[in-house]
Amino acid sequence: MKRIVVIGGGESGWGAAVLAQKKGFDVFLTDSGILSPKYKDLLDQYHIHWEEGHHTEELILNADEIIKSPGVPKEAPIIQKLMAQGTPIISEIEFAGRYTDAKMVCITGSNGKTTTTSLIYHILKTAGYNVGLAGNIGRSLAYQVAEKHFDYYVIELSSFQLDNMYDFRANVAVLLNITPDHLDRYDGKMQNYVNAKMRIIRNQQADDAFVYWMDDPIIQRELQKYGIKSHLCPFSELKKKGSIGYIEDGQYKIEYPTPINMEQEDLALKGKHNLYDSLAAGISADFVGVDSNIIIKCLHDFKGVEHRLERVTTVDDVLYINDSKATNVDACYYALESMTSPTILILGGKDKGNDYNEIKDLVKQKCRALVYLGADNTKLHAFFDSFGLPVRDTHNMKDCVEACHALAQPGDTVLLSPCCASFDLFHNMEERGEMFKDLVRKL
């Protein structure tokens, strides 16, 4: 019996373990950290052997194949030993793809993935498609393949998931943008990160679609390196040669495969970054075959994504916005760009090799004050303190919200758009956003 070891016991890992067990493999799951009670119970329900708090090498190095969770870096000692002995290492997505013939609509990019994925899923679901939501959002793809049956999956893919995908095929591949992110996981080399993102077009065939933002200079450069077989479906903010989706004279337009036309002001999602997400989603749904009237309806009634420019409430005539999903500089740039009132900006967390020069001018133009929220705010002080803006240094969310409340004036906006990962003070960006919302509502 072939032995599969799953490294990492979160949503991705336990789902992979369930599918492997159902397919008859000898399965073992290991995590160097502590598993959540939910996943322990689920693993026990399926009678899957597991361990936490350490890696027992003799139970891991004898694996025929490793399924590595995306949060486990390749530099982890156990991964290095497995690589040295030549053990195949794949992702949960790669493994799940072996056991389903469903059509895959896959979305990646440095920013906008969750919004675009959620919007495409909303459109397909509204259209009556038998569709699942997976990847970085929704339930584990492997678990859904094991326990459910869908004809389509809409999957948000991080660069880490793409790293260990080899034979998996995206029938519709969406690449929104490529800007510096996660460079701490890519040896500080931008090209390594770019290479990971471009893997989304790997294995595409002539009847597939590649939907991408044609104004991204990195994507344009990289396209020259690949012999792409699929339909090229580029979009841009304004109409230009080759673009099949764009804005023209206040109209949202898609030319191919079925023409779609609607008023830009009728789009539910506002702001330039959300325009790109709406174009990518509309083109993808159009290519899948959704009726144009349903696409237009869904683009108009979509409610948005939690933790992405989420309006929390207004307190003393100050608007509080939760943009906890802004875990890189580019995401914060788009958030600041959309601000129309003086802004108190909350920055900080686990720095991923950030270069803050990209938001330098916007901070000077838009911000009334800065509040740092992190275990170590030294880099933020070094870059931003010279701007002459009021600054507060905080190390927990309660102090952060109180500082914002004290600094803000009527008509201002308080924006949590941290530029950084959350793992220094919080379990994840969701916890950071939820805590922010809870404390704001108690003001």
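So, here is what we can say about the structure in this document. (Residues numbered from 1 in each chain as written. Predicted model: local features only at pLDDT ≥ 70, side-chain atom pairs only at ≥ 80, totals over all residues. Heavy atoms only, no water.)

### Section: the nonpolar core
Here's step 1: Trp14, Phe95, Cys106, Leu141, Tyr153, Ile155 and Ile178 are the most contacted members of the largest nonpolar core, which totals 56 residues.
Here's step 2: When residues of this core are assigned to their parent elements, the largest contribution, six residues, is made by helix H1 (residues 11-22).
Here's step 3: Discounting chain neighbours no more than four positions away, the residues touching Trp14 are Leu29, Tyr39, Leu42, Leu43, Tyr46, Arg139 and Tyr143.
Here's step 4: One finds Val105, Val131, Val172 and Ala209 within the second-largest nonpolar core, a separate group that totals 41 residues. (Core = buried A, V, L, I, M, F, W, Y, C linked by side-chain atoms within 4.5 Å. Buried < 20%, exposed > 50% of the residue type's maximum accessible area, 1.4 Å probe, protein only. Helix = DSSP H or I, 4+ residues; strand = E, 2+ residues; numbered from the N terminus. Contact = heavy atoms within 4.5 Å.)

### Regarding the pairing of strand E8 (residues 152-156)
Here's step 1: Most of E8 is tucked away: five of the five residues are buried.
Here's step 2: Side chains of E8 alternate between two faces, with Tyr152, Val154 and Glu156 and Tyr153 and Ile155 buried alike.
Here's step 3: Pairing between strand E6 (residues 103-108) and E8: five bridges, direction parallel. When the bridges of E8 are listed, Cys106 appears paired with Ile155.
Here's step 4: With five bridges joining them, strand E7 (residues 131-135) and E8 adopt parallel strand pairing. Each bridged residue has a counterpart across the sheet, and for Val131 the counterpart in E8 is Tyr152. (Pairing = 2+ DSSP bridges.)

### Here's the deal with empty space enclosed by the protein
Here's step 1: Under the criterion given, the structure shown has two cavities of 30 Å³ or more.
Here's step 2: By volume, the largest cavity is sized at about 80 Å³.
Here's step 3: Lining the largest cavity are Asn111, Gly112, Leu176, Asn177, His273, Tyr276, Asp277, Arg308 and Tyr334.
Here's step 4: Of all the elements, helix H11 (residues 272-288) adds the most residues to the lining of the largest cavity, at three residues.
Here's step 5: Partitioned by chemical class, the residues of the lining of the largest cavity number three nonpolar, four polar and two charged.
Here's step 6: Lining the second largest cavity we find Cys106, Leu157, Leu162, Met165, Tyr166, Phe168, Arg169, Ala170, Arg199, Ile200 and Arg202.
Here's step 7: Classifying every residue of the lining of the second largest cavity by side-chain character gives eight nonpolar, no polar and three charged. (1 Å grid on protein atoms, 1.4 Å probe; cavity = no way out; pocket = protein on both sides within 12 Å on 5 of 7 lines; lining within 4 Å. Points joined across faces, edges and corners; volume = space filled by probe spheres on them. Nonpolar A, V, L, I, M, F, W, Y, C, P; charged D, E, K, R; others polar.)

### Brief notes about helix H2 (residues 37-45)
Here's step 1: Tyr39, Leu42 and Leu43 are the residues of H2 that are buried. For H2, the angular spread of buried residues about the axis comes to 100°, placing them on one side. Opposite the packed face of H2, turned more than 90 degrees from it, sit the exposed residues Pro37 and Gln45.
Here's step 2: Where the residues of H2 are buried, they touch H1, strand E2 (26-31) and strand E3 (49-52).
Here's step 3: Taken from the residues just after H2, His47 is the one with a positive phi, measuring 55°. (Arc of directions from axis to C-beta.)

### So, the packing of aromatic side chains
Between two aromatic rings, the relevant description is the distance of the centres plus the angle of the planes.
Here's step 1: What the rule picks out here adds up to 16 aromatic pairs.
Here's step 2: Here Tyr320 and Phe436 contribute two aromatic rings whose centre-to-centre distance is 6.5 Å and whose plane-to-plane angle is 50°, an arrangement assigned as tilted. Pair noted here: Tyr320 is in strand E16 (residues 318-322) and Phe436 is in helix H17 (residues 429-441), with a separation of 116 residues, a long-range link.
Here's step 3: Exposure remark for Tyr320: the relative accessible area of 0% places this residue in the buried category.
Here's step 4: Their ring planes at 85° and their centres at 5.9 Å tell us that Tyr333 and Tyr334 sit as a pair that is edge-to-face.
Here's step 5: Grouping aromatic residues by their ring pairs yields a cluster made of Trp14, Tyr39, Tyr46 and Tyr143. (Phe/Tyr/Trp six-rings, centres within 6.5 Å; stacked < 30°, edge-to-face > 60°.)

### Description of the sheet that holds strand E9 (residues 172-175)
Here's step 1: Strands sit in the order E7-E8-E6-E9-E10-E11-E12-E13-E14 across an open sheet of nine strands; the sheet is mixed. Strand pairing shows two members of the sheet lacking a second neighbour, E7 and strand E14 (260-263), which therefore form its edges. For this sheet, the mean angle separating the axes of adjacent strands, direction not counted, is 20°.
Here's step 2: Docked against the sheet, helix H6 (residues 113-126) engages E6, E7 and E8, running at close to 165° with respect to E8.
Here's step 3: Most of the contacts of helix H12 (residues 292-301) go to E14, to which it runs at about 30°, and overall it touches strand E13 (251-254) and E14. (Axes fitted to C-alpha atoms, helices over the stretch in contact; angles between N-to-C directions.)

### Some thoughts on the sheet that holds strand E15 (residues 310-315)
Strand pairs in the sheet, formed through backbone hydrogen bonds, run parallel or antiparallel to each other.
Here's step 1: One open sheet accounts for six strands, arranged E15-E16-E20-E17-E18-E19; its pairing is mixed. Each edge of the open sheet is held by one strand with a lone partner, namely E15 and strand E19 (391-394). Pairwise comparison of adjacent strand axes, ignoring direction, gives a mean angle of 20° for this sheet.
Here's step 2: In terms of strand pairing, E16 meets strand E20 (residues 413-416) through four bridges, oriented parallel. Its bridge partner being in E20, Asn322 is matched across the sheet by Leu416.
Here's step 3: Here helix H16 (residues 397-407) sits on the sheet and contacts E15, E16, strand E17 (343-347), strand E18 (367-373), E19 and E20; the angle it forms with E18, its principal contact strand, is near 165°.
Here's step 4: Running at roughly 20° to E15, H17 makes contact with E15, E16, E17 and E20 of the sheet.

### Re unusual backbone geometry
Here's step 1: Between Tyr256 and Pro257 the backbone carries a cis peptide bond, its omega angle lying at 0°.
Here's step 2: Here Pro257 is to be found in the loop between E13 and E14.
Here's step 3: Of note, the phi angle at Asp249 is positive, near 55°, even though the residue is not glycine.
Here's step 4: Positionally, Asp249 belongs in the loop between strand E12 (245-248) and E13.
Here's step 5: Positive phi outside glycine occurs at His307, with the angle close to 75°.
Here's step 6: Take His307: it is sitting in the loop between H12 and E15.
Here's step 7: On the accessibility criterion, His307 (3% relative accessible area) is buried.

In short, geometric facts, not functional conclusions.
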